[in-house]
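# Summary of structural features
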Protein chains: 2
Amino acid sequence: MTEQFSKGLEGVVVAESELSDINGETGELVYRGYDIEDLATGASYEEVLYLLWNGRLPARDELAEFSNGMAGEFAVDEAVLDSLRVLADADERPMAALRTGVSMLSMTDPDADARPRDEAAARRKGRRILAQIPTLLAAYDRLRRGEEPVEPDESLSYAGNFLYMLTGDEPGEVAEETFDMALSLHADHGLNASTFTTVVIASTFADVYSSVTGGIGALAGPLHGGANQDVMEALFDLDEREITAREWVEEMVDRGSRVPGWGHRVYSVTDPRAAILRSKLEDLAAASGETKWLNYTTSITEYLTEEQRLPEKGIAPNVDFYSGSVYHQLGIPVDMYTPIFAMARTGGWVAHILEYQTNNRLIRPRGRYVGPEDEAFVPLENR
Amino acid sequence: MTEQFSKGLEGVVVAESELSDINGETGELVYRGYDIEDLATGASYEEVLYLLWNGRLPARDELAEFSNGMAGEFAVDEAVLDSLRVLADADERPMAALRTGVSMLSMTDPDADARPRDEAAARRKGRRILAQIPTLLAAYDRLRRGEEPVEPDESLSYAGNFLYMLTGDEPGEVAEETFDMALSLHADHGLNASTFTTVVIASTFADVYSSVTGGIGALAGPLHGGANQDVMEALFDLDEREITAREWVEEMVDRGSRVPGWGHRVYSVTDPRAAILRSKLEDLAAASGETKWLNYTTSITEYLTEEQRLPEKGIAPNVDFYSGSVYHQLGIPVDMYTPIFAMARTGGWVAHILEYQTNNRLIRPRGRYVGPEDEAFVPLENR
């Protein structure tokens, strides 16, 4: 067998998938053949989930059944919430709390004893996890602020219920629509590191809780999902300085720093998700009258795109460049951005798990051994 | 870029490593150049950990410092033990309880706020996780039996302390030695699915808790670590039947069933770890006078290896074929075999995490999109 060495697996195709397709040169992203813009603007996150999991968009009665079924599982067991209290008291980081919370949910799953290859059970587990992540996250954010969790409202949409549980108030229409769109935009994106993690775990036929817990762990990393709060922290820094956005970014470029939210391993043009979020940021700015975050991102973009100031060609804003400002205008704390990314991406993770397991092959690459050979063992007494 | 498609990544080299080398044709396994037999019989698990993490076997004072430091971190926070009680009350499976327990440990880590690239902090986190896994597991097993956890004894070895906390009694010399050897044998084995999982997660610079939690999830799968309890369950079945081991295995082969504990994706001859465990099983049988498990495995091996009865050439006993009988003779419940595998393998996981992150590249393969193209979006009202 010829050995193929590819550090980071760049260019290695590990699986065929019908879920999402990315064209980095033209800036296109599709889920099951549908353009992301059509889905983000024309369909709810629940419809996107149905599409990813079932291969087609739902009819109205199918969507109602799916959404109501999921809403009926929003509530999280009191014992799990008690453990969240312990984590909140210890000031655990939200991604770690989510990782522990999701791992713990398996204890309450009625399908816990299902056979590993029971696809229908895996599907139910996936939906339950998805239903309960918003509840876990909103409860955690409130507990660490010393407030009691707000019980889910099954009559609200997935996006609306999360904002309601987080803030205690039913969200306005623009807020709910915007958050729903952000969820759809983040739902799937090929075999990125966290999705790949969930697939590697699923390839052993470990259950969906193990896979999603692993995906959350991977997404927590600063080279992956952890990057999305960097942009907002940078914008807060800019906001506190008494210089213009142009001066601020000029300073950053001059000292050779990477500008957060610019550049992507896959896209060489503008990330299509960034363009959609930018237009939503405009809506939020218009609705609230608070335009500074929109203005900052606009000024930074103008500066960076004129006269080839970027160190490399083909660097453009990615989804993180706008998501931070959007979430901030929705009143979401910065350290919840990555957990929200996880909430949205769990939809894609579950889709990949179900898809991969229907034609499963254990994922087991090789390492190339480059260590010493034939070491003579010397017992401890003689060392 | 040429696309390379390899389902399951078979034959794809994803990283260079100095940690372990497997020769499946000759049945050899080395850790950092040392033959596994030398290490298993001549060194303690603590020495093997030191070797894997530091690149050389420790001198006596180095080993003492390392072992004492780890023993000083055996104790697990009371709040984490309280969550184990909740899991035990819900009758959570031990691997899921371990996954949740390890994930939760991060809340008590004094290095929780360390920078992601702080290698010394990652090393300390790895040692802490390793120190606390035996405590988590022994406590969990006792709690679900309605018994209180036994506090760790820092004066005991890693292996001895686990058996002590599990049973409440200090283990005999043969038991401690055997368990220590089993830990060393399972410590590392190239880039198997769980180790690869930990590396994929670590490649995002997520912290060690995220990686190890993901590894536990992968190891739980029946195609991976979950296989090691199948052998013992099969032997229990044999033990209850009124037929000989020969008749039992003949029946199994005749109906075309796979014999648990036979065959391995990497080894085409006897797994070297199996040979070592077999000799330990002989010692345990001699020490205890209970020879039936040894006799069963011997009869099965004789039957399967005479006259090419196996469906494929090159099928031989793997490590799981003997580990079950060994653990059973040590008084360990069957559903703790995979968690014990995780305990041992955490040593290798941490070694791979530290090694990969010193020359890190985010692991991001591609999927090949084979789904529909250019789907025309129809809004919900018109579906």
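### Quick word on empty space enclosed by the protein
Within this structure, the stated rule accounts for five cavities of 30 Å³ or more. Approximately 50 Å³ is the volume attributed to the largest cavity. Lining the largest cavity, in full, are Ala15, Glu16, Ser17, Leu191, Val199, His352, Glu355 and Tyr356 of chain A together with Gly367 of chain B. Counting residues per element, the ones that place at least two in the lining of the largest cavity are strand S2 (12–17) and helix H16 (337–357) of chain A.

### Focus: the environment of serine 257 of chain A
All names here are of chain A. For serine 257, the location among the structural elements is in the loop between helix H12 (245–254) and helix H13 (272–288). Judged by its relative accessible area of 27%, serine 257 falls in the partly exposed class. Between the C-alpha atoms of serine 257 and glutamate 92, which are 165 residues apart in sequence, the distance is 30 Å. Reaching out from serine 257, the side chain makes a polar contact with the side chain of arginine 255 at a distance of 3.0 Å.

### Considering the packing of aromatic side chains
For the coordinates displayed, the defined rule picks out 25 aromatic pairs over all chains. Where phenylalanine 377 of chain A meets tyrosine 34 of chain B, the ring centres are 6.3 Å apart and the plane angle is 90°; that geometry is what we call edge-to-face. In this pair, phenylalanine 377 of chain A is assigned in the segment after strand S6 (366–369) and tyrosine 34 of chain B in strand S5 (residues 34–35), connecting two distinct chains. Residue classification places tyrosine 34 of chain B among the buried positions, given a relative accessible area of 10%. An aromatic cluster of three or more residues is present, and its members are Phe162, Phe179, Tyr327 and Tyr337 of chain A.

### What about a negative patch on the surface?
A grouping of Glu28 of chain A together with Glu373, Asp374 and Glu375 of chain B is seen on the molecular surface, where their side chains present a negatively charged patch. With respect to the helices and strands, the residue aspartate 374 of chain B is situated in the segment after strand S6 (366–369).

### Overview of the domain arrangement of chain A
Residue and element names in this part refer to chain A. Taken domain by domain, chain A comprises domain 1 (36–222 + 334–358) and domain 2 (227–329). One C-alpha centre belongs to domain 1, the other to domain 2, and the line joining them spans 27 Å. Tallying the contact residues gives 21 residues for domain 1 and 20 residues for domain 2. Together, the buried faces of domain 1 and domain 2 total about 1800 Å²; carbon and sulfur atoms form 70% of this surface. In this assembly, domain 1 and domain 2 are joined by one salt bridge.

### Examining the side chain of aspartate 109 of chain B
Residue and element names in this part refer to chain B. By secondary structure assignment, the location of aspartate 109 is in the loop between helix H5 (94–105) and helix H6 (119–144). Side chain to side chain, aspartate 109 and tyrosine 209 meet in a polar contact 2.3 Å long. When residues no more than four places from it in sequence are discounted, the contact partners of aspartate 109 are Lys125, Arg128 and Tyr209.

Conventions and cut-offs
Residues numbered from 1 in each chain as written. Chains lettered and ligands numbered in written order. Predicted model: local features only at pLDDT ≥ 70, side-chain atom pairs only at ≥ 80, totals over all residues. Heavy atoms only, no water. 1 Å grid on protein atoms, 1.4 Å probe; cavity = no way out; pocket = protein on both sides within 12 Å on 5 of 7 lines; lining within 4 Å. Points joined across faces, edges and corners; volume = space filled by probe spheres on them. Helix = DSSP H or I, 4+ residues; strand = E, 2+ residues; numbered from the N terminus. Buried < 20%, exposed > 50% of the residue type's maximum accessible area, 1.4 Å probe, protein only. Polar contact = N/O pair within 3.5 Å; in protein donor to acceptor, adjacent residues only side chain to side chain. Phe/Tyr/Trp six-rings, centres within 6.5 Å; stacked < 30°, edge-to-face > 60°. Patch = residues over 30% accessible without salt bridge, like charges linked within 9 Å, V, L, I, M, F, W, Y side chains within 5 Å. Areas by Shrake-Rupley, 256 points an atom, 1.4 Å probe, with all protein chains shown as cover. Salt bridge = Lys/Arg side-chain N within 4 Å of Asp/Glu carboxyl O. Lys, Arg positive; Asp, Glu negative; His and termini not counted. Charge placed at Lys NZ, Arg CZ, Asp CG, Glu CD. Domains from an automatic or database assignment. Contact = heavy atoms within 4.5 Å. Buried area = accessible area lost by both parts, 1.4 Å probe.

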